[in-house]
Amino acid sequence: MPSFPFRAASRPATSGAFDGRIAVIVPSFNHARFLARALCSVLDQHDPNLELHVVDGGSDDDSLALLASYDAQLASWTTAWDSGPAEAINHGLARARGDLVVILAADDVLLPGALLELRRVAAAHADAAWFVGESHGLVEADQPIADADQTRGFATADRPLDHVTHALLDAAGPPPLSACAFRRGTLELMAGCDTKRRHTHGDDLILRLLDQSFVPRRVPAPFAGIRQTTPDLLLGEADRFQ
């Protein structure tokens, strides 16, 4: 199993930004057609202190060959059957050493400059337990829909609501997990994702954070491109557990 630190050799973070390590965890299962785009969207951030982990759930498509081709640019990658993305995320968290953690779905992408903006906000709000950036739906050719921030109504410390229920009523629901970042200690305190929640692990994690009064700070910039789940991917996940 490959495992060694990745360091991009390009631009450093701007003065005054958070300079700790960021870990990006990508859980994946039979997402070969999207996985390279997800990985490139992370590597193209040119972040100076980044580790990228992929946890594959035992794919039987071209995922493993693709991961082998990115071997030198990944902090680690593994492949083994798991119970779903929640367990994969928890495995990735156990491997990660980053002070901030981003959990990127294998069919989503980080948008340009996302990690740099995260660093700026994390430095300005050292007490924040987690962060929410703008998320945009993806159309063909992975182009984000510029005016469709899916997290616009979500309550943050900058725009607080006084109760979890209000957050859900005033928004479309919890923000996509790919548009969030977390202090490592926050995820450890919450014991990661609930593996019993196969497809709702992200919403569950965010609601548990809110229930514990962990209100996020907003990253006021496009952060993640979110792909609508296609029927064939849902069927693939269902077949996995038959």
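Note that the structure is predicted; figures quoted are calculated from it, not measured.

Chemist: Can you tell me about the overall build of the chain, naming the residues and giving the values?
Modeler: Across its full length, the chain carries 8 helices and 9 strands. Going through the 242 residues of the chain one by one, you find that 53% of them count as buried. Within the chain, contacts between residues separated by at least 24 positions form 79% of all contacts whose residues are at least 6 apart in sequence.

Chemist: Residues and numbers for the pattern of salt bridges, please.
Modeler: According to the stated counting rule, one finds 8 salt bridges in the structure shown. Salt-bridge contacts for Arg120 lead to Glu117; the nearest nitrogen and oxygen are separated by 2.6 Å. Pair noted here: Arg120 and Glu117 are both in helix H4 (residues 114-124), with a separation of 3 residues, about one helical turn. Take Glu117: its relative accessible area is 23%, and that puts it in the partly exposed class. We note a salt bridge from Arg197 to Asp204, for which the minimum N-O separation is 3.0 Å.

Chemist: Could you give an account of helix H3 (residues 85-95), with specific residues and numbers?
Modeler: Within H3, burial applies to Ala86, Ala88, Ile89, Gly92 and Leu93. The arc enclosing the buried residues of H3, seen along the axis, measures out at 160°, which places them on a common side.

Chemist: Now, about the confidence of the model for the chain: what can you tell me, with residues and values included?
Modeler: Averaged over all residues, the pLDDT of the chain is 82; the fraction at 70 or higher stands at 74%. Taken as a whole, residues 1-13 scores under 50 in pLDDT and shows 33 contacts with residues more than four places along the chain or in a different chain. Note that pLDDT drops below 50 for residues 161-169; the model gives that stretch 12 contacts with residues more than four away or on any other chain.

Chemist: Explain the environment of His201 to me, using residue names and the numbers behind them.
Modeler: Structurally, the position occupied by His201 is in helix H7 (residues 201-211). Apart from residues lying up to four places away in sequence, His201 is in contact with Pro85, Ala86, Ile89, Leu177, Cys193 and Asp194.

Definitions and limits used
Residues numbered from 1 in each chain as written. Predicted model: local features only at pLDDT ≥ 70, side-chain atom pairs only at ≥ 80, totals over all residues. Heavy atoms only, no water. Helix = DSSP H or I, 4+ residues; strand = E, 2+ residues; numbered from the N terminus. Buried < 20%, exposed > 50% of the residue type's maximum accessible area, 1.4 Å probe, protein only. Contact = heavy atoms within 4.5 Å. Salt bridge = Lys/Arg side-chain N within 4 Å of Asp/Glu carboxyl O. Arc of directions from axis to C-beta. pLDDT = per-residue confidence, 0-100.

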